[in-house]
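A closer look at the structure
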Amino acid sequence: MPGPRERGAPARGSNAFPWRGVGPEQRGRLPPVPALNRAPGSLQLGAQDRGPSCTPVQRALLALTPTLEKLQEVKGRVLEALERGLSQQSRARSTMQMLPTFICSTPDGTENGDVLVAELCQNHVRTLWVTLAGDGNQNPQLMYRVFETPGDVLQGSGEALFDFIAQCVKSFLEEIGNPQHRLPLGFVFPFSCRQTGLDKAELISWSKGFQCSDVEGKDVVQLLQAAISKQELHHVDVVALLNNTVGTMMTCSTPEKPCEIALVVGSGTNCCFMAESDLLEIAGVTSGRMCVNSEWGCLGDDGALDNVLTPYDHRVDQESSNPGERRFEKLVGSLYLGETVRHAMLMLASEQALFIGRNTSTLATKAVLTTQQVLEIMDNEDGMAKAQGMLEALGLQPSERDCCRVQQLCRAVVSRAAALSATGLAAVLSHMCRSRQLERLVVNVGVDGGLYRTSSRFGEILRSVVGLLAPECAATLVPSGDGRGLGAAIVTAVALRLVAQRNKVERLLAPLRLSRADLERVQALMKQEMERGLDRESNATSSVRMLPTYVCHTPDGTERGKFLALDLGGTNFRVLVVHVEEDNIHMANEIYVIPTAIMQGTGEALFDHIIECIVDFQMKQKLTGQVLPLGFTFSFPCQQLGLDKAVLLTWTKGFNASGCVGQDVVQLLREAAQRKQHTTLKVVAVVNDTVGTMMACGYHDPKCEIGLIVGTGTNACYMEERANVGTVEGDEGRMCINMEWGAFGDNGCLDGFFTSFDQLVDEKTINAGKQRFEKLISGMYLGEIVRHILLALVEEQVLFRGKPSHNLQNRDIFQTKFLSKIETPGLALLQVQGILCNLELDASYEDSVLVREVCQVVSQRAAHLCAAGMAAVVEKMRESRGLEQLTVTVGVDGTLYKMHPHFSQNLQQMLRELAPRCDVTFLQSEDGSGKGAALVAAVTCREADPCSPQ
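Details of the overall build of the chain
Per the secondary structure count, the chain includes 29 helices and 26 strands. The C-alpha atoms of the chain give a radius of gyration of 38 Å, which is well past the 30 Å a tight globule of 950 residues would have. The C-alpha extent of the chain, read off along each of the three principal axes, is 125 × 65 × 50 Å. A buried classification covers 59% of the 950 residues belonging to the chain. The long-range fraction of contacts in the chain, counting pairs at least 24 apart against all pairs at least 6 apart in sequence, stands at 70%.

Next comes the structure, spelled out in structure tokens:
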């Protein structure tokens, strides 16, 4: 029976160590060789060979007792092999295969239902029926039967082996009543396999005495499924394949304390652990974690353990069925420990150090000493008697001294096996700690295997050496109850849970995953709305207003002079002076606050305040009395009637100054200047921030003829052929059109692309039913869309374990800035978990993976929709100009575009796909809303005959 959970490691100087008194202060010094009559259990770490004075027995014990420094070297080699095995490029050179298992989740306790298990063991097949109740896997119901495997099956054909397993499954089902409902089956197959899925695995090589023909390189799941079908068990589906190491990890995991590492030390040895998927190149998975089967039994097959191997190990290897292979396993696995002791006795006998004058020919016979006998001889109380009985049975007539020395050899061999197992485990722990960017890793380690279960000393050494070699990790060893059978059932149940959850996730997210055809449809609708907006007759019914700006030229580099600019769009506004020189632009600015009382008072008070701030700025900049052309960025909805005439349609952003709506804001500014007797004011242009962005970038790139804002809101402008602008007179040249594309879809043309989540967000806004395109794209709304999706996932029992989160009910709790942070490349998922925990969301690691996926889907949709809109713009420009290929630059601004780690890339990549005949460059604006307004004024002054309404 497994004992209680083992916690922590004893103090470094405690007698629980296999080698007493080895603390940090002693690592540089080697303690003396133990005397042969020293008390049992006192063999010390790091004993050194004292040369010729050493007896043969002492030399043997020294050879079998690796120093701490040597164990550190071995740990380094394990780490190297581990990291090579995870890399696609260097994997072929690694002795540790690092095989992905495609198990991406530990149990969460909700697993339930009936599961079949077929377990292939050394000389039998075990079948199990496991019922999980969804109670945290605390009370699984098990029925099982063991079927002895005929000897000829192990060496026969693969078909005969799998037929036998399938027959065992059929017999077992008949015994328990032959249930006919659909039965998932987990297959425990304890051999090295190359998995490409949870239910797809090719056998790499047999071991443990198996040598069935025509199986290596074949998918063993398919072979078993075919054999099951031959038995007409059509309701049995092989869902998951795993080895006993993975099963151990799963049985030791609870919802409260997940187990993320497993170690098996029995006839063979292996270790698995939950690796960061972005490091697991061989699996092609980039998010979350996946259990990796290290297959570390092969460590040292490339010579990496040569300085640990003794002459006894070489002889064990030569006599094995696979010389030169699985060298680490032959140092650690119980299949070989008795043989190692036998060869040590045989060599010492040949040196007249043991059994002097006795006939030792029986020691030349393979397997005369078993590992079980070795473990019994190690025992402090009965060990000497066991040694004497075993040696007498071999006809060796041992002396008491012989029995004592054999006992010391047994202890040394088993202690070395435990220390090497601990060294490998320490390497895995350190890798996990480093890859997760942690200062300290706290983790549960599931442990199983006959050697670990049988020998308490083995476990003591394991804990102690791990504590020495991985002090940055706190590992709790958790004995496994039934890592094979129950573990396979849990793996299978977890797989079924994940499939069910994934189906729910895909169903919820599918409407947000827009296909190429969907985006082409949006592009066509945008172009259609643009054309309606440009047409005098249909303009009023278009959701894209296509407002003329009366900006007819972009900068050409010849602009010179000094200009003023105003930038009004929020509670703060700026006044700027812009010096446009031959090679550069110099700016100075001042930010002024608009008190709430003025924002919501009278229009006269508001514009008087603005004039007062302009006067103050001119005084500070020593511009008093100078008449400078002024460009006015006014970022509120306006109907522009001329370059210097814009009628305010409505206030937004908290403004509600009376007497302004329906009035020309430039005229309101001029009237305020007259009241304040400010006679030097010369307003030449009023623009919005999108046009300002285009103009600011146009100064640096003459090909910039498009402006794009993607921030809190979104909008675009572009230079249209004047002949196409039916809402103004004149056919010559071009004019910048302010699209106001945030309202695209307000007439219902985009209803087919609105999801239930978008509807929920729209209903709670102050302008429900309006700015529909903006609500799919801009930063003001993306966080709310994510929040509503998360609420739906909680309701579907796939997020936060289905537990309602009060905090998640709060509107705007999930801000768009969290999308940018969560999607940051290289951000560890533990940090994502930390973000969610700071929002008081009780998120597990797997919850963090799902939240990141939701963020990615929402932000990618926004970028792709923006690309579809921009594709309509550039394609219309290309067609209007009669070009085969258009080369154009987009001046772009906005926090979402600039701050989100993937938005710009996703936008540009999709734009290339949707508009392949347009070569589009994106140029980020630097202060487009201020500098751009000044440049509009500069271009206006440059033109001898500036555009004006006809």
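Let's talk about the pairing of strand β9 (residues 259–265)
The element β9 is largely enclosed, with a buried count of seven among its seven residues. Strand direction decides the pairing type here: β9 and strand β12 (residues 441–448), joined by five bridges, are parallel. Looking at the pairing, Ile 261 lines up with Val 445 of β12.

Some points on the pattern of salt bridges
Note on pairing: side chains with opposite charge can pair once their charged atoms come close. Counting across every chain of the model gives 54 salt bridges. When the shortest N-O distance is used, the salt bridge between Asp 302 and Arg 84 registers 4.0 Å. Of this pair, Asp 302 sits in the loop between β11 (289–293) and α7 (311–319) while Arg 84 sits in helix α2 (residues 68–86), placing them 218 residues apart in sequence. Taking relative accessible area as the criterion, Asp 302 reaches 44% and is therefore assigned partly exposed. One salt bridge connects Arg 145 with Glu 175, and the closest N-O pair in it is separated by 2.1 Å. Here the residue Arg 145 occupies a position in strand β4 (residues 141–148), and Glu 175 occupies one in helix α4 (residues 158–175), the gap between them amounting to 30 residues.

Describing the confidence of the model for the chain
Of all residues in the chain, 92% have pLDDT values of 70 or greater, and the mean over the chain is 87. Taken as a whole, residues 1–50 scores under 50 in pLDDT and shows 117 contacts with residues more than four places along the chain or in a different chain.

A word on the packing of aromatic side chains
Tallied over the full model, the rule gives 20 aromatic pairs. Ring centres of Trp 296 and Phe 328 lie 5.5 Å apart, and the angle between their planes is 75 degrees; on these two criteria the pair is classed as edge-to-face. Taken together, the positions of Trp 296 in the loop between β11 and α7 and Phe 328 in helix α8 (residues 327–332) put the pair 32 residues apart, joining distant regions of the chain. The residues Trp 296 and Phe 328 share a single accessibility class, namely buried. Summarising the aromatic geometry, the rings of Phe 632 and Phe 634 are spaced 5.5 Å apart at their centres and angled 65 degrees between planes, so their arrangement reads as edge-to-face. Across this residue pair, the class does not change: Phe 632 and Phe 634 are buried. The ring of Tyr 144 has Arg 126 lying over it, and the distance from NZ or CZ to the ring centre is 5.6 Å.

Structural notes on the pairing of β12
Judged by how many residues are buried, β12 sits mostly within the fold: seven of eight residues are covered. Sheet topology note: the β12/strand β13 (residues 473–479) ladder contains seven bridges and is parallel. Looking at the pairing, Val 445 lines up with Leu 477 of β13.

Side note on the sheet that holds strand β25 (residues 886–893)
The strand order β14-β24-β23-β22-β25-β26 describes an open sheet built from six strands, whose pairing is mixed. Among the strands making up the open sheet, the edge pair consists of β14 (547–548) and β26 (918–924). Across five bridges, strand β22 (residues 704–710) lies against β25 in parallel orientation. For Leu 708, the partnering residue across the bridge sits in β25 and is Val 892. Against the sheet, helix α26 (residues 845–880) contacts β22, β23 (714–721), β25 and β26, and its axis sits at roughly 165 degrees relative to β22.

Description of the side chain of Arg 881
Relative to the helices and strands, Arg 881 resides in the loop between α26 and β25. There is a polar contact of 3.3 Å between the side chain of Arg 881 and the backbone oxygen of Met 719. Not counting residues up to four positions away in its chain, the partners in contact with Arg 881 are Glu 705, Met 719, Glu 721, Arg 734 and Leu 886.

A word on the environment of Gly 324
With respect to the secondary-structure elements, Gly 324 resides in the loop between α7 and α8. Measuring from C-alpha to C-alpha, the distance between Gly 324 and Asp 301 comes to 6.2 Å, with 23 residues separating the pair along the chain. Apart from the residues within four sequence positions on either side, Gly 324 is in contact with Asp 301, Asp 317 and Lys 330.

Some points on the packing of α7 against helix α9 (residues 334–350)
For any two helices packed against each other, the geometry comes down to the angle between their axes and how far apart the axes lie. Contact pair α7 / α9: the axes reach a minimum separation of 9 Å and the direction vectors enclose 120 degrees. One element, α7, and the other, α9, form an angle in the oblique class. Judged by the sense of rotation from one axis to the other, the crossing of α7 with α9 is right-handed. Between α7 and α9, the contacting residues are Pro 311, Tyr 312, Asp 313, Arg 315, Val 316 and Glu 319 on the first element and Tyr 336, Glu 339, Thr 340, Arg 342, His 343, Ala 344 and Met 347 on the second. Class assignment of the residues belonging to the contact of α7 with α9 gives a composition of six nonpolar, two polar and five charged.

Quick word on the nonpolar core
Ranked by size, the top nonpolar core spans 120 residues in total, and within it Leu 708, Tyr 718, Met 739, Trp 741, Leu 793, Phe 814 and Val 874 carry the most contacts. A per-element tally of this core places α26 first, with 18 residues. Apart from the residues lying within four places of it in its own chain, the contact partners of Tyr 718 are Met 530, Leu 534, Met 546, Glu 705, Ile 706, Met 735, Cys 736, Ile 737, Met 739, Val 873, Lys 876 and Met 877. Of all hydrophobic cores here, the second largest spans 90 residues; its members include Leu 305, Met 345, Cys 410 and Val 428.

Looking at the packing of helix α18 (residues 603–620) against helix α19 (residues 665–675)
For the pair α18 and α19, interaxial distance at closest approach is 9 Å and the crossing angle is 70 degrees. Classified by the interaxial angle, the pair formed by α18 and α19 is roughly perpendicular. Seen along the crossing, α18 lies across α19 with a hand that is right-handed. Judged by residue contacts, Glu 604, Phe 607, Asp 608, Ile 610 and Ile 611 of α18 engage Val 665, Leu 668, Leu 669, Ala 672, Ala 673 and Arg 675 from α19.

Some words on the side chain of Asp 758
Structurally, Asp 758 is set in helix α21 (residues 756–763). You can call Asp 758 buried: its relative accessible area is 3%. Here Thr 755 takes part through its side chain, which lies 2.9 Å from a polar atom of the side chain of Asp 758. Side-chain polar atoms of Asp 758 contact the side chain of Arg 861, separated by 2.7 Å. Those residues within four positions of Asp 758 in sequence are excluded, and the remaining contacts are Phe 753, Leu 776, Ile 785 and Arg 861.

Overview of α26
A turn of α-helix holds 3.6 residues, and therefore any two residues three or four places apart point the same way. End to end, α26 covers 53 Å across 36 residues, agreeing with the expected 52 Å (1.5 Å per residue, within 8%). Of all 36 residues in α26, 30 are buried, a share of seventy percent or more.

Side note on the sheet that holds strand β21 (residues 681–687)
If you walk across this open sheet you meet the five strands as β17-β16-β15-β18-β21, and the pairing is mixed. The two strands at the open ends of the sheet, each matched to only one other strand, are β17 (585–593) and β21. Each neighbouring strand pair of the sheet contributes to a mean axis angle of 25 degrees, computed without reference to strand direction. Of the strands in this sheet, β15 (561–568), β18 (628–634) and β21 are in contact with α19, which crosses β21 at around 160 degrees.

Some details on the environment of Leu 477
Along the chain, the position of Leu 477 falls in strand β13. Residue classification places Leu 477 among the buried residues on the basis of a relative accessible area of 4%. Along the backbone, Leu 477 and Cys 259 are 218 residues apart, and their C-alpha atoms lie at a distance of 9.7 Å.

Focus: the environment of Ser 480
Here Ser 480 shows up in the loop between β13 and α15 (485–509). Taking C-alpha positions, Ser 480 is 62 Å from Ala 872, a pair spaced 392 residues apart along the chain.

Thresholds applied
Residues numbered from 1 in each chain as written. Predicted model: local features only at pLDDT ≥ 70, side-chain atom pairs only at ≥ 80, totals over all residues. Heavy atoms only, no water. Helix = DSSP H or I, 4+ residues; strand = E, 2+ residues; numbered from the N terminus. Rg over C-alpha atoms; globule rule 2.2 N^0.38 Å. Buried < 20%, exposed > 50% of the residue type's maximum accessible area, 1.4 Å probe, protein only. Contact = heavy atoms within 4.5 Å. Pairing = 2+ DSSP bridges. Salt bridge = Lys/Arg side-chain N within 4 Å of Asp/Glu carboxyl O. pLDDT = per-residue confidence, 0-100. Phe/Tyr/Trp six-rings, centres within 6.5 Å; stacked < 30°, edge-to-face > 60°. Lys NZ or Arg CZ within 6 Å of the ring centre and 35° of its normal. Axes fitted to C-alpha atoms, helices over the stretch in contact; angles between N-to-C directions. Polar contact = N/O pair within 3.5 Å; in protein donor to acceptor, adjacent residues only side chain to side chain. Parallel < 35°, antiparallel > 145°, perpendicular 65-115°, else oblique. Left-handed = near helix turned anticlockwise from the far one by under 90°. Nonpolar A, V, L, I, M, F, W, Y, C, P; charged D, E, K, R; others polar. Core = buried A, V, L, I, M, F, W, Y, C linked by side-chain atoms within 4.5 Å. Expected span 1.5 Å × (residues − 1).

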